[in-house]
Amino acid sequence: MRSIVGLFVIIVILIIIPSIDYAFGQEEPGKYLDRRALIWNLFFRMMVVAFTIGAVVSGTLFWLCWRFRESNPKAVQTKYEQAGEW
Amino acid sequence: MAGHSTWPEWVYVGVVIALLVWVGAEAWEVERLVEHVPEGAEVIKVTGQQWFWTFEHEDGTKEIGELHVQAGKAYKFEVTAKDVNHSFNIPDYVVLMDAIPGRIHTVWFAPTEPGEHEIQCREYCGLIHYNMRGKLIVEEPLS
């Protein structure tokens, strides 16, 4: 339990507080903004996040399918399979 | 009782929440900045109708199918339509706003360099929608 709390504290300090601070701490823009730069930068940042998460998730799925396939030499039968029940 | 260690699940939950918060904060901040109209922005009334755009400057000057603006100046578009729904789009400057009869929607932009850019309708509005285009002409600043 303590480690979970510790983990959350780390996440909050590293990610959540800077995000909120960044969102609220911005001064009113005194100069004209280039909306092209803002919007495209946001798009590219979001794409980096999306592709990174996509790679991690799909990589995990590929690994799961490869590791736990029936023909894997390291595969271990479940207790039901060992008992011939399934 | 789960009967097994649950810390990887909590890590997963924490990472997902943190990512969602971060993505939300970034997008919200950019939206806030983009929607903030600077003081002194010149208002241009934009009216869409089948199948052309009309522009009216603050001094009353009207233009049809062409819009002349100056680089380095901010402009606030007040976008509306006369007949059916249209959408006012300047792709090069990422300006996109629905033009709806009876409503006025606002969007602002500040052109940076002189040049010519496409204006187009982005909402299917009838037979000649494909050719409901205009020209944005960004001129050198006067002063």
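What counts and how
- Residues numbered from 1 in each chain as written.
- Chains lettered and ligands numbered in written order.
- Predicted model: local features only at pLDDT ≥ 70, side-chain atom pairs only at ≥ 80, totals over all residues.
- Helix = DSSP H or I, 4+ residues; strand = E, 2+ residues; numbered from the N terminus.
- Rg over C-alpha atoms; globule rule 2.2 N^0.38 Å.
- Buried ≥ 20, exposed ≤ 12 C-beta atoms within 10 Å, placed from the backbone.
- Contact = placed C-beta atoms within 7 Å.
- Nonpolar A, V, L, I, M, F, W, Y, C, P; charged D, E, K, R; others polar.
- Domains from an automatic or database assignment.
- Pairing = 2+ DSSP bridges.
- Axes fitted to C-alpha atoms, helices over the stretch in contact; angles between N-to-C directions.
- pLDDT = per-residue confidence, 0-100.
- Parallel < 35°, antiparallel > 145°, perpendicular 65-115°, else oblique.
- Core = buried A, V, L, I, M, F, W, Y, C linked by C-beta atoms within 7 Å.

Along the backbone of chain B there are 1 helix and 10 strands. If you list the helices and strands of chain B from N to C, you get α-β-β-β-β-β-β-β-β-β-β. In terms of C-alpha radius of gyration, chain B reaches 21 Å, well past the compact-globule figure of 15 Å for 143 residues. For chain B, the proportion of its 143 residues judged to be buried stands at 22%. The long-range share in chain B, meaning contacts at least 24 apart out of those at least 6 apart in sequence, stands at 64%.

Now for the overall build of chain A. For chain A, the count of helices and strands is 3 helices and 0 strands. Order of helices (α) and strands (β) in chain A, N terminus to C terminus: α-α-α. Computed over its C-alpha atoms, the radius of gyration of chain A comes to 23 Å, more than 25% above the 12 Å expected for a compact globule of 86 residues. In terms of its C-alpha atoms, chain A occupies a principal-axis envelope of roughly 75 × 35 × 20 Å. Scored against the burial criterion, the 86 residues of chain A give a buried share of 0%.

This brings us to the interface of chain B and chain A. Counting residues at the interface gives 25 residues for chain B, matched by 24 residues for chain A. Considering every element that reaches the side of chain B that touches chain A, the biggest residue donor is helix H1 (residues 7–35) of chain B, with 17 residues. Residue composition of the side of chain B that touches chain A, by class: 20 nonpolar, 3 polar and 2 charged.

With that out of the way, let us pick up the domain arrangement of chain B. Once the domains are mapped, chain B shows domain 1 (1–36) and domain 2 (42–139). When each unit is reduced to the centre of its C-alpha atoms, the spacing between domain 1 of chain B and domain 2 of chain B is 38 Å.

Turning our attention to the sheet that holds strand S10 (residues 133–139) of chain B. Residues and elements named next belong to chain B. What the 5 strands build is an open sheet, ordered S4-S10-S9-S6-S7; its pairing is mixed. Two strands in the sheet have a free side with no partner beyond their single neighbour: strand S4 (66–70) and strand S7 (95–99). The sheet shows a mean angle of 20° between the axes of neighbouring strands, direction not considered. Relative to S10, S4 runs parallel, the two sharing 5 bridges. Bridging from a neighbouring strand, Leu-67 pairs with Leu-136 of S10.

Summarising the model, chain B shows a mean pLDDT of 93, and 99% of its residues fall at 70 or more. Predicted as a complex, the structure gets a pTM of 0.71 and an ipTM equal to 0.71.

All names here are of chain B. Only one face of strand S2 (residues 52–56) is buried, namely the one carrying Trp-53 and Phe-55, since none of Phe-52, Thr-54 and Glu-56 on the opposite face is buried. Taking the residues between adjacent antiparallel strands as the criterion, strand S1 (residues 42–49) and S2 are bridged by 2 residues. When S2 meets strand S3 (residues 62–64), the two strands line up antiparallel, connected through 3 bridges. If you follow Glu-56 over to S3, its bridge partner there is Lys-62. Between S2 and S3, which pair antiparallel in sequence order, lie 5 residues; one of them, Gly-60, sits at a positive phi of approximately 95°.

Moving on: the packing of helix H2 (residues 35–67) of chain A against H1(B). It is the contact of H2(A) with H1(B), at a shortest axis distance of 10 Å, that shows an interaxial angle of 170°. Classified by the interaxial angle, the pair formed by H2(A) and H1(B) is roughly antiparallel. Contact with H2(A), carried on its side by Arg35(A), Leu38(A), Ile39(A), Leu42(A), Arg45(A), Met46(A) and Val49(A), involves Leu19(B), Val23(B), Glu26(B), Ala27(B), Val30(B), Leu33(B) and Val34(B) of H1(B) and no other residues of that element. In the contact of H2(A) with H1(B), the residues fall into 11 nonpolar, no polar and 3 charged.

Before going further, it helps to examine the nonpolar core. All names here are of chain B. If you look at the biggest cluster of nonpolar residues, it comprises 19 residues, and the most contacted ones within it are Val-46, Phe-77, Val-79 and Leu-136. Elements represented by at least two residues in this core include exactly S2, S4, strand S5 (75–81), strand S6 (86–90), S7, strand S8 (105–109) and S10. At 4 residues, the largest contribution of residues to this core is made by S5. Look past the residues within four positions of Phe-77 in its chain and what remains in contact with it is Ile-44, Val-46, Phe-88, Met-97, Thr-106, Val-107 and Trp-108.

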